[in-house]
Amino acid sequence: MEDQATRLRKLVERKISGGAGGLQKETAQGGTSMPLPGGARVIAVTSGKGGVGKTNLTVNLAIALGKKGKRVIIVDADLGTANVDVLLGTSSRNTLLSLARENVQLEDVLIRGPYGVSYISGGSGMEHAGELTVMQRQMIFSKLSACDEWADIILVDTGAGVGRNVLDFIMASDEVLLVITPEPTALTDGYAVLKSYRQLEATQPIRLVVNRVYDMVESTETASKLICTAERFLHMELKSLGFVFDDASMMKAVRRQVPLLAAYPDSLAAKCVEALANSLLSGRPQRVKLGWQGFLRKFFHNMH
Ligand SMILES: Nc1ncnc2c1ncn2[C@@H]1O[C@H](COP(=O)(O)OP(=O)(O)O)[C@@H](O)[C@H]1O
Ligand SMILES: [Mg+2]
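The shown structure was predicted, so the numbers you read here are calculated from the model rather than taken from an experiment.

Looking at the sheet that holds strand S1 (residues 41-47)
The strand order across the open sheet built from eight strands is S3-S4-S2-S5-S1-S6-S7-S8, with neighbouring strands paired in mixed fashion. Each end of this open sheet is capped by a strand with a single partner; those strands are strand S3 (110-112) and strand S8 (239-245). The average angle at which neighbouring strand axes cross in this sheet is 25°, direction not considered. Bridge analysis of strand S2 (residues 72-76) against strand S5 (residues 153-160) gives five bridges, and the strand direction is parallel. Pairing of Val 75 across the sheet is with Val 156, part of S5.

Overview of helix H2 (residues 54-67)
In a regular helix each residue adds 1.5 Å, so 14 residues correspond to 20 Å; H2 covers 20 Å between its end C-alpha atoms and thus fits that length. The element H2 is extensively covered by neighbouring structure, given that twelve of its 14 residues are classed as buried. The positive-phi residue at the C-terminal boundary of H2 is Gly 69, with phi of around 90°.

Quick word on the site of ligand 1
Taken together, 16 residues form the shell around ligand 1, and within it Gly 51, Lys 54, Thr 55, Asn 56 and Phe 245 come nearest. With respect to ligand 1, the side chain of Lys 54 contributes an N or O atom lying 2.7 Å from an oxygen atom. Alone, ligand 1 offers 570 Å² of accessible surface; in the complex the protein occludes 86% of this. Breaking the shell around ligand 1 down by element, the ones donating at least two residues are H2, strand S7 (206-213), S8 and helix H9 (248-256).

A word on the environment of Ile 154
Relative to the helices and strands, Ile 154 resides in strand S5. Taking the C-alpha atoms as reference, Ile 154 lies 9.3 Å from Ser 173; in sequence the two are 19 residues apart. Each residue touching Ile 154, except ones within four places of it in the same chain, is listed here: Ala 40, Arg 41, Val 42, Ile 43, Ile 73, Val 75, Cys 147 and Asp 148.

Let's talk about the packing of aromatic side chains
Using the criterion set out here, one finds one aromatic pair in the structure. The interplanar angle of 75° and the centroid separation of 5.2 Å between the aromatic rings of Phe 243 and Phe 245 together place this pair among those described as edge-to-face. Given a relative accessible area of 6%, Phe 243 falls into the buried group. By relative accessible area, Phe 245 is classed as buried at 5%. Lys 252 extends its terminal NZ or CZ atom over the ring of Tyr 264, reaching a point 5.7 Å from the ring centre.

The rules behind the values
- Residues numbered from 1 in each chain as written.
- Chains lettered and ligands numbered in written order.
- Predicted model: local features only at pLDDT ≥ 70, side-chain atom pairs only at ≥ 80, totals over all residues.
- Heavy atoms only, no water.
- Pairing = 2+ DSSP bridges.
- Helix = DSSP H or I, 4+ residues; strand = E, 2+ residues; numbered from the N terminus.
- Axes fitted to C-alpha atoms, helices over the stretch in contact; angles between N-to-C directions.
- Expected span 1.5 Å × (residues − 1).
- Buried < 20%, exposed > 50% of the residue type's maximum accessible area, 1.4 Å probe, protein only.
- Near = heavy atom within 4 Å.
- Polar contact = N/O pair within 3.5 Å; in protein donor to acceptor, adjacent residues only side chain to side chain.
- Areas by Shrake-Rupley, 256 points an atom, 1.4 Å probe, with all protein chains shown as cover.
- Contact = heavy atoms within 4.5 Å.
- Phe/Tyr/Trp six-rings, centres within 6.5 Å; stacked < 30°, edge-to-face > 60°.
- Lys NZ or Arg CZ within 6 Å of the ring centre and 35° of its normal.

Put into structure tokens, the structure is as follows:
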């Protein structure tokens with residue numbers, strides 16, 4: 001496992017030192033949103049368990065970042081349930097794994113999807129990704145490295161857990177967004193993921209997104225539980241990027257196969273995603289203007 005991760009890391013390091021011309025890459029800590037030549041910011045979106053909202057967050061973040069003028073590519077690397085195209089209501093013929101074939105190039109698999117979202121589909125058959133030879137994997141990764149020219153930000157939807165394929169993508173990324181929910185199981189699974197990063201000596205900044213919270217207090221409490229535990233037992237420094245409200249609009253959007261930001265741009269969850277995008281670009285804490293919807297939600301919640 002470590003060997004694999006190390007190989008991928010080296011490959012990516014070579015790409016960075018070759019492509020970015022010695023310039024420092026954009027990081028959240030740096031707080032700059034200036035795109036640097038040949039240096040897309042690669043952000044893995046992951047979680048300890050499935051169904052916490054990674055794919056919805058990835059797709060909607062891509063739309064929000066796109067609205068702010070960023071060129072974003074999603075790599076759907078969820079080997080078990082690749083479903084970025086399902087959320088977008090599209091499908092694609094070529095997939096990430098097609099890149100293992102010599103005659104298939106990046107532009108054959110890079111889909112210019114609806115809502116301004118460009119993505120590379122995981123597609124079906126991704127469960128066989130583990131069977132790829134090292135040569136094939138390297139071919140995929142080196143072709144993917146050309147995404148740098150097409151994007152300022154690359155969001156990698158990695159799938160859940162600590163399987164080899166998930167960790168490979170995480171170790172190869174610049175930054176990690178770990179999606180959790182306030183459920184105790186999501187928290188313990190999130191902790192298990194962090195433990196694996198620790199074992200692999202991951203050095204990327206890891207930030208939490210607490211999805212499906214009822215209010216900001218719940219978000220802060222959930223995030224600080226994991227932040228404190230990681231600090232105490234794993235000596236890892238975690239930061240919180242922000243939160244997304246539990247919002248029925250999300251479910252409705254999924255059913256319609258239209259991303260939340262397109263279907264319900266004024267919903268509370270959509271506002272949270274926009275704020276997350278701001279925070280991702282500025283490095284400053286997420287500030288959500290809740291407006292009338294938020295007022296009503298708080299008001300009626302406080303009544304009982
Ligand atoms: N903020 C939210 N509010 C309400 N429901 C949500 C929210 N985020 C996700 N969901 C629900 O969770 C389901 C799973 O989300 P998805 O993004 O596919 O998770 P993952 O990619 O982590 O498996 C969605 O279909 C949606 O119904
Ligand atoms: Mg998913």
